[in-house]
Amino acid sequence: MDTFLNLLRALVREPSVVGVEDAFFRVLRRELEEYPVKVTRYHGLLVAQGSAPHSIYLSAHVDRHGLLCTGPNEFQYAAFIAGNRGELNGDSISEQFMELVAGRFRGQRVQAHSPFVGSYLGAGQITESYVCPRRKNLIFEIEGLEFLQPGTPVSFFDRLQEANGRIAAQLDNVISVAMMVELIRLGFKGTAMFTAGEESARSWRFAAEWFRRHDIQTDRLIVLDTSPFPTLEDLDAQDVVLRHQDANAEFDPDLTEHVRQTCDALKISYRYKDRYVQEQNETREKKSSLGRTELGRLINATHHEITGTTLQLPTTSYHTATETAKLTSVAAMLRLLANLCQLPKP
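Residues numbered from 1 in each chain as written. Predicted model: local features only at pLDDT ≥ 70, side-chain atom pairs only at ≥ 80, totals over all residues. Heavy atoms only, no water.

Side note on empty space enclosed by the protein
One pass over the structure, following the stated rule, counts two cavities of 30 Å³ or more. Its boundaries defined by the atoms lining it, the largest cavity holds a volume of some 80 Å³. Lining the largest cavity are 14 residues, and of these E14, P15, R64, S155 and F156 sit closest to its centre. Looking at the lining of the largest cavity, the elements that each hand over two or more residues are strand 6 (109-113) and strand 9 (153-156). Taken together, the residues of the lining of the largest cavity sort by class into four nonpolar, six polar and four charged. The space that makes up the second largest cavity amounts to roughly 60 Å³. Along its surface, the second largest cavity is lined by P15, S16, V17, V20, A23, H113, S114, P115 and P153. (1 Å grid on protein atoms, 1.4 Å probe; cavity = no way out; pocket = protein on both sides within 12 Å on 5 of 7 lines; lining within 4 Å. Points joined across faces, edges and corners; volume = space filled by probe spheres on them. Helix = DSSP H or I, 4+ residues; strand = E, 2+ residues; numbered from the N terminus. Nonpolar A, V, L, I, M, F, W, Y, C, P; charged D, E, K, R; others polar.)

The structure is reproduced here in structure tokens:
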């Protein structure tokens, strides 16, 4: 795990606020070009292709939650600003978590960066965060960044923490990005897609356009992400998280079943997130959404011409700078992916 964790530590430090991912794409491209893959940048997308690009497709979004300066000493949650709201309708997991996480950011250190280059502009501290009922967004009060101009991204001060067999940082979804880079280091021959704007529900459009640009239809797409659970104890129930569907579409049953069978063969424990949510909803007064994922939107929009399944890392403290995962789960997910991609054991 040492090589992987060193990579993850470096990527966690790089800002990638949703909607302002250019600087991170440059860092990622520099990392990928060390390996024998063809790397191509598109609007909202970075693609790395090995020697058998159509054998399997992996996708992970590079954007992370952060803030955007929207006025004089005014900061909003970047995913939910007016310009990003077009495809959010209230039933995404992120939106349902908004009220829950609102108070978690008090005292959080933040850093401002130039939008495209990523140059450091200054640091501050969140003194208050709350949901504005009129703008339907998280509003932040920050001490130390009063000089910023509108449009400047502000990322959470993020460093990978390791203790008691767990890692913590803003893992969604930089950990999946690091896993895909690690697979490429091991000799991945398929196509790896790194998308922007997932937290504002736009990443599927960049992926769909790429597939259509190249006239590709496939049922071999695996989308990697994290999956939230309420407590640390919940993480012990499984190594990885699978899904049959989300609120938009049913995933490819054959590929989903193949992943499950591979888990069984490797003795990797798993849980289906859609079944978990449905079981929880039976005893809840307020029902939770199955979520609207990048894959579900892509399947629905392409009328199943592009389909596949998801593989997710179970975490807790979702959408904070201390999102936590078990190292054994990380190792299991890497081992599973290496097997699915027919790579040497990591």
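From this point, things continue past the structure.
A word on the pattern of salt bridges
For the structure shown, the criterion picks out ten salt bridges. Put simply, R41 and D22 hold a salt bridge, and the shortest N to O gap is 3.6 Å. Here R41 is found in strand 1 (residues 38-42), whereas its partner D22 is found in helix 2 (residues 22-32), with 19 residues between them in sequence. The exposure class of R41 is partly exposed, given its relative accessible area of 32%. The class for D22 is partly exposed, based on a relative accessible area of 24%. Of the charged contacts, one joins E257 and R260 as a salt bridge, the two residues approaching to 2.6 Å between their closest N and O atoms. Of this pair, E257 and R260 both sit in helix 6 (residues 253-266), three residues apart, which is roughly one turn of that helix. Here the salt bridges share partners, and the residues they tie into one network are E257, R260 and D264. (Salt bridge = Lys/Arg side-chain N within 4 Å of Asp/Glu carboxyl O. Buried < 20%, exposed > 50% of the residue type's maximum accessible area, 1.4 Å probe, protein only.)

So, helix 7 (residues 273-281)
Within helix 7, the full set of buried residues consists of K273, D274, Y276, V277 and N281. On an axial view of helix 7, the arc spanned by its buried residues comes to 160 degrees, and they lie on one face. On its buried face, helix 7 sits against strand 13 (218-228), strand 14 (240-242) and strand 15 (270-272). (Arc of directions from axis to C-beta. Contact = heavy atoms within 4.5 Å.)

Digging into the sheet that holds strand 9
With antiparallel pairing, the six strands of this closed barrel are ordered in space as 4-5-8-7-6-9. Direction aside, the axes of adjacent strands within the sheet are offset by 45 degrees on average. Here strand 7 (residues 120-132) pairs with strand 8 (residues 137-143) via seven bridges, running antiparallel. In the strand pairing of strand 8, C132 is matched with N137. (Pairing = 2+ DSSP bridges. Axes fitted to C-alpha atoms, helices over the stretch in contact; angles between N-to-C directions.)

Some remarks on the sheet that holds strand 10 (residues 161-163)
With antiparallel pairing, three strands are arranged side by side in an open sheet as 10-11-17. Two strands bound the open sheet, and with one partner strand each, they are strand 10 and strand 17 (323-326). Taking the axes of each pair of neighbouring strands and ignoring which way they run, one obtains an average angle of 20 degrees across the sheet. Looking at chain direction, strand 10 and strand 11 (residues 166-169) are connected through three bridges and run antiparallel. The residue of strand 11 that forms the bridge with A163 is R166. Its contacts with the sheet place helix 4 (residues 171-185) against strand 11 and strand 17, and it is angled at close to 40 degrees to strand 17. The strands touched by helix 9 (residues 327-340) within the sheet are strand 11 and strand 17, with strand 17 carrying the most contacts at an inclination of about 70 degrees.

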